[in-house]
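# Overview (structure and organization)
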Amino acid sequence: MNGKNDLTQGSIGKNLLVFALPYLLSCFMQTLYGMADLFVVGLYNGSETTTAVSIGSQVMHMLTVIIVGFAMGTTVRIGRSVGAKDEKEGAKTVGNSILFFALFAVVVTIVLLLLTSPITKVMLTPKEAVQETRVYLIICFAGIPFITAYNVISSIFRGAGDSRRPMYFVGVACVVNIILDFVFIGGCDLGAAGAALGTVCGQAVSVLFALAVMRKRDFGFRVTRQDIRMDKDVISQILKVGTPIACQDGLIQVAFIVITVIANSRGLIASAAVGIVEKLISFMFLVPSAFLSAISTITAQNMGADKPQRARTALRYGLIITVCWGMLCAVYNQFLPHTLVGLFTKDTAVLAAGCAYIRSYSFDAVFAAVHFCFNGYFCGDQKSIISFIHNITSILLIRIPGAYFASIYFPDSLYPMGWAAPLGSLLSALICIGFYVYYRKKEKTSVL
């Protein structure tokens, strides 16, 4: 195996940071070019087009995180193969991932194209924006093969310990997308269709670039035609890790949509404030998201190499860094929330509501940091079902009911509603810690 990105050796802290920082930049660029569509549309079009792109991008974001969740199975399996220096298994994993996700993309594309109208209705799209929303979704659904290919190729690189090249792939998509937004929306006056075309074309160019890089990259194993054939055991192992993650991420997005609907029921001011804060929180979560991916890959490689202590050390370092980041975010938002919320609105009522909401919601950056790091550790150890368990538990017991009851009993302030997310994350963190302690005791008992 190629030792260039071997995370089973050397400084654990350095490995963690070297892997996490490019992933952090990748997430930042993805968030940036997602917001670029709305920005450019807002420059040249009216509220109907902006609404169409906003609703359509929400649907596509949900779909993307589900694809990323499934692809995590590939990352973990390749990571374990790299750690165990098992070239045959690494090649089989890549070959089966290519075959499985190609079929997956075709099926999902066909199904979603047939369901475009029902999805538009389920999203409660205003009638003025229905037509443009449908057009946006049709174009984006047609581009699902590119979205899938990009994320699977990136998962292969990350499993091999390389998070730098996927960052380049995102950078290419980001630049192409922003340029084409101005061409299609500003120059050609295509509205929502232009935004969708810019996104799909950006992904397509990124995939072509990624394939060119992949041909030259030495992963330490060579993929042959014999490896690109269906192997039930390999597919099963990929799905065993990826399915719980995909389900949990999909349900989290559903929870966000439900909370948005609850906020919408409280009126325009509450709706605008919640929308702004959700954007800000997504930026705060970039750091723990990056460390989740880093810890997952480091854990996978070291578990494959039978070095579990290195994986646990990576988890500990990740917890220290991300919790400190979360505390910084929470403290900042107790004293200076207007400096952030004010970037998106000059309406004093929306500003006041947003500041109240982010003061409580920002504590989620602390508690979420804990379960994000544990998610990475459990996924790398092929125990991703734990991530699904704690997320679905917190969503059903606290996040959604907490937001709902807070909206009923505290109709004059968003501050109580903001506590639903951090309290849900606190429950998730406690569940994760409980499982971690249980498995550690079990390991010690088996050794004795």
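Residues numbered from 1 in each chain as written. Predicted model: local features only at pLDDT ≥ 70, side-chain atom pairs only at ≥ 80, totals over all residues. Heavy atoms only, no water.

## Remarks on the pattern of salt bridges
To be explicit about the condition: The salt bridge criterion pairs a side-chain nitrogen of Lys or Arg with a carboxyl oxygen of Asp or Glu, the two atoms within 4 Å. Elements are defined by DSSP. Helices are runs of H or I of four residues or more, strands are runs of E of two residues or more, and each kind is numbered from the N terminus. Burial classification: accessible surface area is computed with a 1.4 Å probe over protein chains only, and a residue below 20% of its type maximum counts as buried, one above 50% as exposed, and the rest as partly exposed.
Using the criterion set out here, one finds seven salt bridges in the structure. Glu443 serves as the salt-bridge partner of Arg312, at 3.4 Å between the closest nitrogen and oxygen. Placement of Arg312 in helix 12 (residues 308-335) and of Glu443 in helix 18 (residues 420-447) is noted, with a sequence separation of 131 residues between them. Owing to a relative accessible area of 10%, Arg312 belongs among the buried residues under this scheme. Residue class for Glu443 comes out partly exposed when judged on its relative accessible area of 30%.

## Some words on the environment of Leu397
Examined against the element boundaries, Leu397 turns out to sit in helix 16 (residues 385-409). Taking the relative accessible area as the measure of exposure, Leu397 reaches 59% and is therefore exposed. Distance from Leu397 to Met167, taken between C-alpha atoms, is 37 Å for residues 230 residues apart in sequence.

## As for the packing of aromatic side chains
Which entries qualify depends on this criterion: A pair of Phe, Tyr and Trp rings is counted when the ring centres sit within 6.5 Å of each other, with Trp represented by its six-membered ring. The angle between the planes then sorts it: under 30 degrees is stacked, over 60 is edge-to-face, the rest tilted. Working rule: Lys NZ or Arg CZ, within 6 Å of ring centre, within 35 degrees of ring normal, means a charge sits over the ring.
Per the stated rule, a full pass over the model turns up 19 aromatic pairs. Ring centres of Tyr377 and Phe378 lie 5.8 Å apart, and the angle between their planes is 65°; on these two criteria the pair is classed as edge-to-face. In this pair, the class of Tyr377 matches that of Phe378, namely buried. Here Tyr438 and Tyr439 contribute two aromatic rings whose centre-to-centre distance is 5.2 Å and whose plane-to-plane angle is 70°, an arrangement assigned as edge-to-face. A residue is classified by how much of its surface remains accessible, and Tyr438, at 46% relative accessible area, is partly exposed. Members of the aromatic cluster, each reached through a chain of ring pairs, are Phe70, Phe100, Phe101 and Phe104. Over the ring of Tyr439 we find Lys383; its NZ or CZ atom is 4.9 Å from the centre of that ring.

## Observations concerning the nonpolar core
What counts here: For our purposes a nonpolar core is just a set of buried Ala, Val, Leu, Ile, Met, Phe, Trp, Tyr and Cys residues, chained together by side-chain atoms within 4.5 Å. Pairs of residues are marked as contacts when any of their non-hydrogen atoms sit within 4.5 Å.
Counting residues in each nonpolar core, the largest one holds 50 residues, and the members touching the most others are Met60, Leu63, Leu112, Tyr136, Phe141 and Phe169. Of all the secondary structure elements, the ones that give two or more residues to this core are helix 1 (12-44), helix 2 (47-84), helix 3 (87-114), helix 5 (130-142), helix 6 (144-159), helix 7 (164-187), helix 8 (192-216) and helix 9 (232-264). When neighbours within four sequence positions are excluded, Leu63 is seen to be in contact with Val108, Leu112 and Ile144. Residues Ile262, Tyr357, Cys379 and Leu414 belong to the second largest nonpolar core, which totals 36 residues.

## What about helix 6?
Because an α-helix packs 3.6 residues into every turn, residues spaced three or four apart end up facing the same way. Which entries qualify depends on this criterion: What a helix should span is 1.5 Å times the count of its residues minus one.
Between its terminal C-alpha atoms helix 6 stretches 22 Å, which fits the 22 Å expected from 16 residues at 1.5 Å a residue. In terms of burial, helix 6 is a largely internal element, 13 of the 16 residues being buried. Of the residues one or two after helix 6, Gly161 is the one with positive phi, at around 90°.

## Here's the deal with the packing of helix 3 against helix 5
Note the threshold: Comment: axis = line fitted to C-alpha atoms, over the contacting stretch for helices; angle = value between 0 and 180 degrees taken between N-to-C directions. In what follows, roughly perpendicular refers to angles from 65 to 115 degrees, roughly parallel to angles under 35, roughly antiparallel to angles over 145, and oblique to any angle outside these ranges. The handedness criterion is simple: a crossing whose near helix is rotated anticlockwise from the far helix by less than a right angle is left-handed, and one whose near helix is rotated clockwise is right-handed. For this scheme, ten residues count as nonpolar: Ala, Val, Leu, Ile, Met, Phe, Trp, Tyr, Cys and Pro. Four count as charged, namely Asp, Glu, Lys and Arg, and the remainder, Gly too, count as polar.
Two elements in contact, helix 3 and helix 5, have axes separated by 9 Å at closest approach and are oriented at 170°. In terms of orientation, helix 3 lies roughly antiparallel with respect to helix 5. Handedness of the crossing formed by helix 3 with helix 5: left-handed. For the pair helix 3 and helix 5, the contacting residues are Thr109, Leu112 and Leu113 in the first and Ile138, Phe141 and Ala142 in the second. The class makeup of the residues in the contact of helix 3 with helix 5 is five nonpolar, one polar and no charged.

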